[in-house]
Amino acid sequence: MKNYLFLLFFLCGVLVVLGQSLTGTRGLVRIPTADMYPDKTFSIGATYTPSGYFKRTHGAKRQQIVESPGSNTFITINILPYLEVMFRYTHELDSRVNPTTQYFPDRMFTARFRIIKERKYLPNLTVGVQDLSAAFDLTCKGCSNFSSFYFVATKHFLVNDFKLGITLGNSSDFLDIKAQDFKGLFWGGSLSHKNIPNLEFVMDYDTKMINAAVRTHLWKRLHLMFGVMDLKKTTAVIAYRYTL
Amino acid sequence: MYKGIILFFAGINLIFGQSNLNKLEAEGFENLAEFKQESHYFLTYENNRYRYEGDALAIVLALLEYSDNLTDISILIQNRGLPMTKVHFSSQSWLNFKSGLIGIEDWIQQAEFSINVDQIANLFEDLKKTNESFKKFDAVVGLSLDYILGNYDNSIRQKINIQPELQSVLGPGVILSGRYNIPTFNDVDNEDSYMVMSRLTQDFRFKKNTFLNINVGYFTNSRFGIYSRMDRFLDAERLRLRVDFGITRMGRLNKDFEAESNTINKYIMTGGFIYRWNKYDTDLSFRYGTFLGTDLGYKARMTRQFNEVFVSLFLNKTNFGSMVGFDFRVPIGPKKHLKPKRIRIRTREHFDLIYNYVSDANNIATEFFTGSNILNQFTEYYPEVLRKSLIERLKLKRF
């Protein structure tokens, strides 16, 4: 069995694990990390948020957790080596778009800028703005559902044959726009073994709950993550990623 | 006098390089000419066979043959019969690369790529070109997508437009083209098929990297009139100034090719600059002025070029409101077209998609499309883009 697994990973032919979070940007399970994909990386994908964890984006129950499951569909591009931009739609899976529901998937734009690149004693340090078009008078002040402004640092360590990544960040309000996705301190980590580098275990605290997942990157293109939100309900990410 | 001497030498040495012209013509390259000046070999070509200029240059280099007594090779790349970019390298460095003594990066470092071509273009001016690209017809088939999102009754409205186009380069820089639009799967509007664009365009290249493009005819958005654009490159491709001026009125050719128009002229007058960040093949541009809706404001744009893929983020802000969005340009169709003949059928080379993320109002900084010109195709010919694409292609021996 062990040999079979090694053969599988060998055939996948990937040397590094690079992760997409449930948000759509580079990250752990839900939280962003300070890591960046290589320059010119393009990702397109979808995520699954289980029922009981999805926040409604429209109508009377807007901003409230509802029983419907949700999904994010996203396009992410590293337009510069230190600048990642993402555009995403957030879907409530049980809702239909029609005049009665007045529901339409929520749109969101995110930009992440790496300020410091990781060195021997320095972590990657990245600043991110998420769903903040209202702060620049581009949408109405109350329209944002996932606004967030954060600084996050990530440092990697080699411990024997294991690669460990530690992430710590803080999200806050930005100008007069309230942080709605994350607010406060968030943290997490990733762990992989040098012999199976395309399999990684990740765990994070997203300012509300602890989440955990395993993820892999297959055939240099396909990114998969399966995990549990709040260590209770299943969540997943699938993304197709390649270098332009 | 100087030119006369060169032509004399060129005449003597035409026999020497004839095989290069034959091979390049057989491969479908056009506007070919060559000559030798002492130990310096000069070649010019135009590519209308390969979708990407980087691929074309790699092929030309792979096909190139020359005798041992040559020390220098200069290649002038043309578009629509106008000079675009020159490549100069020593024959020894190319031999060293081919024999594996140096890597492609080393060869690229030794070679000179430049858009400053006034001098070398003069040398070719009076030479007769082999396999001219003029008065040939391309029948181009393309697709475009219009869509509207966000209506509750039909959340994704779309219109797929099939757009056959006929175009011909009549002479250096002159193109006559017509594009017909056939809407299908249309739940956006009730538009009939019609002639979406028919125009005559002239590109000029003056000395000191100054370009002018003038268009007359029917353009997209049902505009009829004249539109011009002038670009002046400063510091080679790194910085260019741009001025646009157009006078148009509503006008179009309907499905029966009858003209429909009104008499209200509208003006577009803008000026701005484009800064080229060569390290990342990125254009940062800014234009200020009045746009089609008579609104006054600016357009700011960042465009990253990934070989043939372009990704842009933009902000348009005028007295009508603000608009933020992004657009993509991706290559479609085969990388290599049929050889250009009197009439050739080929696919359109790109598919464009614009997404307006947020917009206060309709018609913010609206413009129309006047068709392709050498200025909006120039980035493929940029020295840094050619360098990088050669590194990719010659490293992989993709020729």
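What you are looking at is a predicted structure, and each value in this text was computed from that prediction instead of being measured.

1. A word on the overall build of chain B
A count of helices and strands for chain B gives six helices and 20 strands. For 399 residues, the compact-globule estimate of 2.2 N^0.38 gives 21 Å, and the C-alpha radius of gyration of chain B, at 23 Å, lies within 12% of that figure. The dimensions of chain B, computed from C-alpha atoms along their principal axes, are 70 × 40 × 40 Å.

2. Regarding the overall build of chain A
In terms of helices and strands, chain A carries one helix and 14 strands. Taken over C-alpha atoms, the radius of gyration comes to 18 Å for chain A, in line with the 18 Å a tight globule of 244 residues would show. When its C-alpha atoms are laid out on the principal axes, chain A stretches across 55 × 40 × 35 Å. Here chain A holds 244 residues, and 40% of them are scored as buried. For chain A, long-range pairs separated by at least 24 residues make up 49% of all intrachain contacts whose partners lie at least 6 apart in sequence.

3. Details of helix 2 (residues 53–63) of chain B
Owing to its 3.6 residues per turn, the α-helix brings residues three or four apart onto one side. Judged by how many residues are buried, helix 2 of chain B sits mostly within the fold: nine of 11 residues are covered. Where helix 2 of chain B is concerned, the buried positions are B:Glu53, B:Gly54, B:Asp55, B:Ala56, B:Leu57, B:Ala58, B:Ile59, B:Val60 and B:Leu61.

4. Digging into the nonpolar core
Core analysis: the biggest nonpolar cluster contains 38 residues, and B:Tyr45, B:Leu57, B:Val60, B:Ile75, B:Ile77 and B:Leu386 have the highest contact counts within it. At the level of secondary structure, the elements contributing two or more residues to this core comprise strand 1 (30–37), strand 2 (40–46), helix 2, strand 3 (72–79), strand 4 (82–90), helix 5 (118–124) and helix 6 (383–395) of chain B. Formed by 18 residues, the second largest nonpolar core is a distinct cluster that contains A:Ile31, A:Leu132, A:Ala213 and A:Met225.

5. With respect to unusual backbone geometry
Note: most residues except glycine have negative phi, and most peptide bonds are trans. Even without a glycine there, the phi angle at A:Thr207 is positive, about 85°. Checked against the element boundaries, A:Thr207 lands in the loop between strand 11 (196–205) and strand 12 (210–218). Within the chain, B:Ala365 stands out as a residue other than glycine whose phi angle is a positive 50°. Looking at where B:Ala365 falls in the secondary structure, it is placed in the loop between strand 20 (350–359) and helix 6. A residue is classified by how many C-beta atoms lie within 10 Å of it, and B:Ala365, with 26 of them, is buried.

6. Remarks on the interface of chain B and chain A
In this assembly, 15 residues from chain B lie in contact with 17 residues from chain A. For the side of chain B that touches chain A, the elements supplying multiple residues, two or more each, are strand 16 (296–306), strand 17 (309–318), strand 18 (321–331) and strand 20 of chain B. Residue classes in the side of chain B that touches chain A are distributed as 10 nonpolar, three polar and two charged.

7. Considering the environment of B:Lys36
With respect to the helices, strands and loops of the structure, B:Lys36 is situated in strand 1. C-alpha of B:Lys36 to C-alpha of B:Glu349: the two residues are 313 residues apart in sequence and 35 Å apart in space.

8. Describing the domain arrangement of chain B
By a frequent convention, interface size equals the accessible area lost on bringing the separate parts together. All names here are of chain B. When cut into domains, chain B gives domain 1 (2–132) and domain 2 (137–376). Look at where the C-alpha atoms of domain 1 and domain 2 centre, and you get two points 32 Å apart. Tallying the contact residues gives 18 residues for domain 1 and 22 residues for domain 2. Those elements that provide at least two residues to the side of domain 1 that touches domain 2 are helix 2 and strand 4. Class assignment for the residues of the side of domain 1 that touches domain 2 results in five nonpolar, seven polar and six charged.

9. Some points on the sheet that holds strand 10 (residues 184–193) of chain A
Where strands meet in a sheet, backbone hydrogen bonds hold them as pairs that are either parallel or antiparallel. Residues and elements named next belong to chain A. Around the barrel, which closes on itself, the 12 strands sit in the order 1-4-5-6-7-8-9-10-11-12-13-14 with antiparallel pairing between neighbours. On average, each strand axis in the sheet is tilted by 20° relative to the strand beside it, whichever way the strands run. Where strand 13 (residues 222–229) and strand 14 (residues 233–243) come together, eight bridges link them in antiparallel fashion. What sits directly across from Gly-227, in strand 14, is Thr-235.

10. Side note on the packing of helix 2 of chain B against helix 6 of chain B
Axis angle and axis distance: for two packed helices, these are the angle between their axes and the distance between the axes, and together they describe the pair. Residues and elements named next belong to chain B. Their axes nearest at 9 Å, the elements helix 2 and helix 6 cross at an angle of 60°. One finds that helix 2 runs oblique with respect to helix 6. Where helix 2 crosses over helix 6, the two elements pack in a sense that is right-handed. Contacts from Glu-53, Gly-54, Asp-55, Leu-57 and Ala-58 of helix 2 reach helix 6 at Val-385, Leu-386, Ser-389, Leu-390, Arg-393 and Leu-394. Considering only residue class, the contact of helix 2 with helix 6 consists of six nonpolar, two polar and three charged.

Calculation rules
Residues numbered from 1 in each chain as written. Chains lettered and ligands numbered in written order. Predicted model: local features only at pLDDT ≥ 70, side-chain atom pairs only at ≥ 80, totals over all residues. Helix = DSSP H or I, 4+ residues; strand = E, 2+ residues; numbered from the N terminus. Rg over C-alpha atoms; globule rule 2.2 N^0.38 Å. Buried ≥ 20, exposed ≤ 12 C-beta atoms within 10 Å, placed from the backbone. Contact = placed C-beta atoms within 7 Å. Core = buried A, V, L, I, M, F, W, Y, C linked by C-beta atoms within 7 Å. Nonpolar A, V, L, I, M, F, W, Y, C, P; charged D, E, K, R; others polar. Domains from an automatic or database assignment. Pairing = 2+ DSSP bridges. Axes fitted to C-alpha atoms, helices over the stretch in contact; angles between N-to-C directions. Parallel < 35°, antiparallel > 145°, perpendicular 65-115°, else oblique. Left-handed = near helix turned anticlockwise from the far one by under 90°.

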